[in-house]
Amino acid sequence: MDYTTLKTKDLKLKCRKYGLVGYTKYNNNELIKILQDNNDKYHLKPIISYLGGKQKEIPKILKHIPCKFDTYIEPFVGGGALYFYLNHNKNVINDYNKMVINLYKYIKNDDVDKLMNDLLKNKIDKETYYKIRDGNPESDYGKLLQYLYVLQTTFNTMIRYN
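In short, a report on the structure. Being a predicted model, the structure only gives us computed values, none of them experimental.

1. Some words on the packing of aromatic side chains
Counted according to the given criterion, the structure contains five aromatic pairs. Here the aromatic rings of tyrosine 83 and phenylalanine 84 are separated by 4.9 Å at their centres, their planes lie at 65°, and the arrangement is edge-to-face. Across this residue pair, the class does not change: tyrosine 83 and phenylalanine 84 are buried. Considering the side-chain rings of tyrosine 129 and tyrosine 130, the 5.1 Å spacing of their centres and the 75° angle between planes classify their relative orientation as edge-to-face. The exposure class of tyrosine 129 is buried, given its relative accessible area of 13%. Three or more aromatic residues link up through ring pairs in this structure, and these residues are Tyr83, Phe84 and Tyr104.

Now the structure itself:
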């Protein structure tokens, strides 16, 4: 869309329509840039399902995020719904769950295709589920595969160990 033909009032209405916050203090050129940046951005989906995920809450959360900011800090990334949706250039992520952080580090630094191929080698059935869940992998990579398999094959992403 060509925003350059719109008046300030219309630009501000567009910002409000898209749920952008803090737009009232910007001039026309800045508003046009904000709208272009937010509309041209590709919103990614979370890579894992995660209990307590924010995906359904994104429209409500967006109302509280300023339209311009330097660094996105996510203290509880989990599946990364908001993190991936924002698709911001400068990010800091954290999570209490060490396996979640290990997953993101692996994706950033290693061979994701190998991870997916190794994960897909396992059958999805009750026997395989319990064998993998109750296993004790020695390597960090093995632990990551175990975590992903159990997370993606369990009911409602609720992992339980007896």
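Further notes follow.
2. Quick word on unusual backbone geometry
Located in the positive-phi region is asparagine 87, a residue other than glycine, with phi close to 50°. For asparagine 87, the position within the fold is in the loop between helix 4 (81-86) and strand 2 (91-93). Looking at asparagine 87, the relative accessible area reads 30%, which means it is partly exposed.

3. Comments concerning the side chain of histidine 88
Along the polypeptide, histidine 88 turns up in the loop between helix 4 and strand 2. Here histidine 88 falls in the buried class, since its relative accessible area comes to 17%. In terms of polar contacts, histidine 88 uses its side chain to reach the backbone carbonyl oxygen of phenylalanine 69, at 3.4 Å.

4. Description of the pattern of salt bridges
Oppositely charged side chains can form a pair if their charged atoms are brought close together. Taken as a whole and judged by the stated rule, the model has seven salt bridges. Between lysine 90 and aspartate 70 there is a salt bridge; the shortest N-O distance is 3.2 Å. A residue pair is termed long-range when its members are at least 10 positions apart, and lysine 90 in the loop between helix 4 and strand 2 and aspartate 70 in the loop between helix 3 (58-62) and strand 1 (72-74) qualify at 20 residues. For lysine 123, the salt bridge is made with aspartate 125, and the minimal N-O distance between the two is 3.7 Å. We classify aspartate 125 as partly exposed; its relative accessible area is 29%.

5. Re the packing of helix 5 (residues 98-109) against helix 6 (residues 112-120)
Here helix 5 crosses helix 6 at 125°, and the two axes come no closer than 8 Å. Considered as vectors, helix 5 and helix 6 are oriented oblique to each other. Side by side, helix 5 and helix 6 meet where Leu103, Tyr106 and Ile107 of the first sit next to Val112, Lys114 and Leu115 of the second. Residues of the contact of helix 5 with helix 6, tallied by class, amount to five nonpolar, no polar and one charged.

Analysis parameters
Residues numbered from 1 in each chain as written. Predicted model: local features only at pLDDT ≥ 70, side-chain atom pairs only at ≥ 80, totals over all residues. Heavy atoms only, no water. Phe/Tyr/Trp six-rings, centres within 6.5 Å; stacked < 30°, edge-to-face > 60°. Buried < 20%, exposed > 50% of the residue type's maximum accessible area, 1.4 Å probe, protein only. Helix = DSSP H or I, 4+ residues; strand = E, 2+ residues; numbered from the N terminus. Polar contact = N/O pair within 3.5 Å; in protein donor to acceptor, adjacent residues only side chain to side chain. Salt bridge = Lys/Arg side-chain N within 4 Å of Asp/Glu carboxyl O. Axes fitted to C-alpha atoms, helices over the stretch in contact; angles between N-to-C directions. Parallel < 35°, antiparallel > 145°, perpendicular 65-115°, else oblique. Contact = heavy atoms within 4.5 Å. Nonpolar A, V, L, I, M, F, W, Y, C, P; charged D, E, K, R; others polar.

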